[in-house]
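Structural characterization, general
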Amino acid sequence: MHVYFYGPDTTTQRLRQAYAMIRRILREADIALSSNTIHPETSLDPASAQEIEAKGGTLLDAMDAIVIEGSTPDSEVGYLLAYAVAQKKPTIFLSERGSPGRQILKYLNQKQVPKTCQIRYYTDDSLQWLLGDFLKTVGKREVKEIPRIKFTLRITPTIDHYLDWKTQNTKLKKADYLRGEIEEIMKQDKEFQSWLQRKRRQEI
């Protein structure tokens with residue numbers, strides 16, 4: 001799957017960090033990424049790009065989906081949204097909660113916005129799962145949450161021996177093994193999953 005990610009030029013460190021996180025999430029989902037925020041902008045090989053242009057197409061035509069970070073008002077964002085609506089291209093418009101980026105949306109007739117175009121307002125905590133849910137609807141891609149919180153855990157020597165035993169002959173680190181086990185417990189915990197879904201609906 002090939003995704004185009006657009007983010008307006010910015011010197012705001014917070015937004016640059018958001019751009020970096022979006023790129024990381026997409027790449028870790030094993031997605032071919034093209035973006036104006038990286039160089040070169042497209043991962044398409046030159047021959048493919050020339051073939052698209054020869055047929056009168058654009059880079060966007062070769063994309064399976066579009067991700068837009070629109071917290072900053074930008075004319076290109078308006079063009080991309082109009083393209084997404086007209087072509088019914090799977091697209092997610094992301095804007096920081098409280099940012100001026102949502103002003104661009106008042107020019108869109110909500111009744112004409114197809115279901116393929118999602119509009120979501122994010123926080124640092126929700127960006128990961130909002131993108132993950134979008135990618136699941138587009139290409140059934142699983143997105144692994146990026147570990148960002150440091151946590152110190154003291155264990156007994158016996159537990160340490162057990163972790164050594166479980167991870168021997170594997171490429172897993174003990175911390176990665178523990179993280180995977182906890183994630184599996186979370187998936188199987190129906191009560192927690194129900195609470196998590198309610199929490200996410202409140203944040204959208």
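Just so we're clear, the structure is a prediction, and the values are computed from it rather than from any experiment. Per chain, the residues get numbers from 1 upward, laid out in the order the sequence is written. Since the coordinates come from a predicted model, pLDDT governs what is reported: local features require at least 70, and pairs of side-chain atoms require 80 or more to be given and counted, while whole-chain, interface and lining totals use all residues. To obtain the side-chain values, all non-hydrogen atoms of the structure were included, while hydrogens and water were left out.

Now for the sheet that holds strand β4 (residues 91-96). Read across the sheet, five strands follow the order β2-β1-β3-β4-β5 without closing on themselves; strand pairing throughout is parallel. Looking at the sheet topology across the chains shown, the edges are occupied by β2 (32-35) and β5 (117-122). On average, each strand axis in the sheet is tilted by 20 degrees relative to the strand beside it, whichever way the strands run. In terms of strand pairing, strand β1 (residues 2-6) meets strand β3 (residues 65-69) through four bridges, oriented parallel. Note on β3: the bridge partner recorded for Phe5 is Val67. Contacts are assigned to residue pairs that have any heavy atoms within 4.5 Å of one another. Structural elements are reduced to axes, namely lines fitted to C-alpha atoms, with helices fitted over the stretch in contact, and the angle between N-to-C directions of any two is expressed from 0 to 180 degrees. Runs of H or I in DSSP of at least four residues are treated as helices and runs of E of at least two as strands, each being numbered from the N terminus. Set on the sheet, helix α1 (residues 13-28) makes contact with β1, β2, β3, β4 and β5; between it and β1 the angle comes to about 180 degrees. DSSP bridges decide pairing: two strands pair if at least two such bridges lie between them.

What follows covers the confidence of the model for the protein chain. Averaged over every residue, the pLDDT of the protein chain is 84; residues scoring 70 or more account for 85%. Confidence scores differ between elements of the protein chain, with helix α2 (residues 46-54) showing the lowest mean pLDDT of 68 and β3 the highest of 95. Across the chain, each position has a pLDDT score giving the predictor's confidence in that residue, from 0 to 100.

Ring pairs are drawn from Phe, Tyr and Trp, using the six-membered ring of Trp, whenever the two centres fall within 6.5 Å, and their geometry is named by plane angle: stacked under 30 degrees, edge-to-face over 60, tilted for the rest. Counted by the stated rule, this structure contains three aromatic pairs. Measuring from ring centre to ring centre gives 5.7 Å for Phe5 and Tyr19, while their planes differ by 80 degrees; the resulting arrangement is edge-to-face. Residue Phe5 is found in strand β1, and its partner Tyr19 is found in helix α1; the two are separated by 14 residues along the sequence. Tyr19 shares its class with Phe5; the two are buried. Measuring from ring centre to ring centre gives 6.1 Å for Tyr162 and Trp165, while their planes differ by 40 degrees; the resulting arrangement is tilted. Of this pair, Tyr162 and Trp165 both sit in helix α5 (residues 157-167), three residues apart, roughly one helical turn. Per-residue accessibility, obtained with a 1.4 Å probe over protein chains only, is compared with the maximum for each type, and a residue is labelled buried under 20%, exposed over 50%, and partly exposed between these values.

Turning to the nonpolar core, a few remarks are in order. For soluble globular proteins, the rule of thumb is that nonpolar side chains tend to be buried together. Counting 23 residues, the largest nonpolar core has Phe5, Ile22, Leu26, Val67, Leu94, Tyr122 and Leu131 as its most contacted members. Listed by contribution, the elements that provide at least two residues to this core are β1, α1, β3, β4 and α4 (127-139). The greatest single-element share of this core, amounting to seven residues, is contributed by α1. Each residue touching Phe5, except ones within four places of it in the same chain, is listed here: Tyr19, Ile22, Arg23, Leu26, Leu33, Ser34, Ser35, Asn36, Thr37, Val67 and Glu69. Among buried residues, those of type Ala, Val, Leu, Ile, Met, Phe, Trp, Tyr and Cys that are joined through side-chain atoms within 4.5 Å constitute a nonpolar core. Judged by nonpolar contacts, the second largest core, of 17 residues, contains Ile66, Val77, Leu80 and Val113.

Once that is clear, we can look at the packing of α5 against helix α6 (residues 174-188). α6 packs onto α5 with a crossing angle of 90 degrees between their chain directions and a minimal axis gap of 10 Å. Comparing the axis directions of α5 and α6 gives the class roughly perpendicular. Contacts between α5 and α6 involve Asp160, Tyr162, Leu163, Asp164, Lys166 and Thr167 from the former and Lys174, Tyr177 and Leu178 from the latter. Its residues placed into classes, the contact of α5 with α6 shows four nonpolar, one polar and four charged. By definition in this entry, angles of less than 35 degrees are roughly parallel, angles greater than 145 are roughly antiparallel, angles of 65 to 115 are roughly perpendicular, and the rest are oblique. Each residue is assigned to one class: nonpolar for Ala, Val, Leu, Ile, Met, Phe, Trp, Tyr, Cys and Pro, charged for Asp, Glu, Lys and Arg, and polar for all the others, Gly among them.

Once that is clear, we can look at the pairing of β4. Counting buried positions over the six residues of β4 gives six, a clear majority of the element. Residues Thr91, Phe93 and Ser95 point to one face of β4 and Ile92, Leu94 and Glu96 to the other, with burial holding for every one of them. Inspection of the sheet shows β3 paired to β4 by four bridges, in the parallel sense. Residue pairing across strands places Ile66 opposite Thr91, the latter belonging to β4. Taken together, β3, helix α3 (residues 75-87) and β4 form a β-α-β motif whose crossover is right-handed. Sheet topology places β4 next to β5; six bridges connect them, and they run parallel. The residue bridging Thr91 from the neighbouring strand is Cys117, located in β5. By convention, orient the strands away from the viewer: a clockwise path from the first strand over the helix to the second makes the crossover right-handed.

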